[in-house]
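What the coordinates show
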Amino acid sequence: MATESAKLVIGTRSSPLAMAQALSVQQLLMQAHGWSAEMLPLASMTTSGDTYADRALSEIGGKGLFTRELDVAQSSSQIDIAVHSAKDLPTVLADGLEIVGYLPREDVRDVFISHKAKTLADLPHGAVVGSAALRRQAQIKRLRPDLEVVLLRGNVGTRLAKLERGEVDATLLAMAGLKRLDKTDVITSILDPETFLPAVAQGAIAITIRTGDERARQAVLPILDNDTGITVTAERAFLTVLDGSCRTPIAGHAQLKGNQIYFKGRVLRPDGSEIYEVERSGAISDAEMIGRDAGLDIKARMPTDFLDPANMR
Ligand SMILES: NCc1[nH]cc(CCC(=O)O)c1CC(=O)O
């Protein structure tokens, strides 16, 4: 029986994408347990990352900008289950919190959105492309050094509105977010994930709990996807090794084929002038080690100053 104290409160950021993701977790948990929505109330909160929407994230600094307020609410038991875009989660979580697992992964690819051209390659010389992600900015410059890349922040809806107002000629967004917001009609073309490598954990929704909260763990287990856990674990291990600074463009993507995992990673100069790449494969049981080894391999080949923001060009 769902008594008052038995409720499990689901928390997330207040952006439309975060809300859509939390609602799908609520639906899945209701289906898995035959619970009503009252059993799983939703709580949304604005985070520092949302508040300072006009500044470059690398400029505001600090890790966990999009999770801090949620972390506090979760640690103090105001919420029990937090729903995050795994891509936005720092490699080290707040004390006492842990990732219990991930929902089945959505499409990992980035998409190109523009009224001026069909693809990134077709954009006229000197066109303006807006993006907030260093990884996207650096890969755009790598492929099209002639383009002007500008900072375009805000949630998905805000960025699309800025494109419509003509503030930029094109932008890139994650397919996953557009699918979840039912906005795939804005997509002009899809970027090939080999040439335009996705962010670590792109397309994956992570669920966190308080360490030791067995009730929350048991409740969430039936909706988690093991394969997503394996690929994201490899990708996050790669990121952890290279995570010297949030100002370094890093991309990483793992795929499973049978009981093998195939990982690709990439680190770039912010201006795209240099790139270091790695490929690793092995047994899925070694996923974490494969991601870590890939990170160490790149780290050993990179100039020692590469992860240092003072050396940005
Ligand atoms: N950084 C914001 C963010 N975090 C997760 C997504 C999309 C959903 C996902 O990748 O799971 C987005 C928007 C975007 O990059 O287009």
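The name given to the protein chain in an unreviewed UniProt entry is Porphobilinogen deaminase, with Hohaiivirga grylli as the source organism. Recorded in UniProt for the protein chain, the comment headed Function (unreviewed entry) runs: "Tetrapolymerization of the monopyrrole PBG into the hydroxymethylbilane pre-uroporphyrinogen in several discrete steps."

1. Description of the site of the ligand
Lining the immediate environment of the ligand, one finds Ser85, Lys87, Asp88, Val156, Leu173, Ala174, Ala176, Gly177, Gln202 and Gly203. Listed by contribution, the elements that provide at least two residues to the shell around the ligand are strand E8 (170-174) and helix H7 (175-180). By residue class, the composition of the shell around the ligand is four nonpolar, four polar and two charged. Per-domain counts for the shell around the ligand show at least three residues from each of domain 1 (4-104 + 204-224) and domain 2 (110-190).

2. Some points on the nonpolar core
A general feature of soluble globular proteins is that nonpolar side chains tend to end up buried together. The biggest cluster of nonpolar side chains holds 71 residues, and the ones touching the most others in it are Ile10, Ile81, Val83, Ala86, Val111 and Ala234. When residues in this core are grouped by element, the largest group, six residues, is from helix H9 (residues 226-242). With residues up to four places along the chain from it excluded, the contact list for valine 111 reads Leu172, Leu173, Met175, Leu178, Ile187, Ser189, Ile190 and Leu191.

3. Observations concerning the pairing of E8
Burial within E8 is extensive, with five of its five residues counted as buried. Residues Ala170, Leu172 and Ala174 line one face of E8 and the alternating positions Thr171 and Leu173 line the opposite face, and both faces are buried. With five bridges connecting them, strand E5 (residues 110-114) and E8 associate as antiparallel partners. Residue phenylalanine 112 lies in a different strand from E8, and its bridge partner there is leucine 172. As judged from the two bridges shared by strand E6 (residues 128-131) and E8, these two strands associate in the parallel manner. Bridge pairing links valine 129 to alanine 170 in E8.

Conventions and cut-offs
- Residues numbered from 1 in each chain as written.
- Predicted model: local features only at pLDDT ≥ 70, side-chain atom pairs only at ≥ 80, totals over all residues.
- UniProt positions renumbered as here; feature names shortened; annotations may be inferred.
- Near = placed C-beta within 6 Å.
- Helix = DSSP H or I, 4+ residues; strand = E, 2+ residues; numbered from the N terminus.
- Nonpolar A, V, L, I, M, F, W, Y, C, P; charged D, E, K, R; others polar.
- Domains from an automatic or database assignment.
- Core = buried A, V, L, I, M, F, W, Y, C linked by C-beta atoms within 7 Å.
- Buried ≥ 20, exposed ≤ 12 C-beta atoms within 10 Å, placed from the backbone.
- Contact = placed C-beta atoms within 7 Å.
- Pairing = 2+ DSSP bridges.

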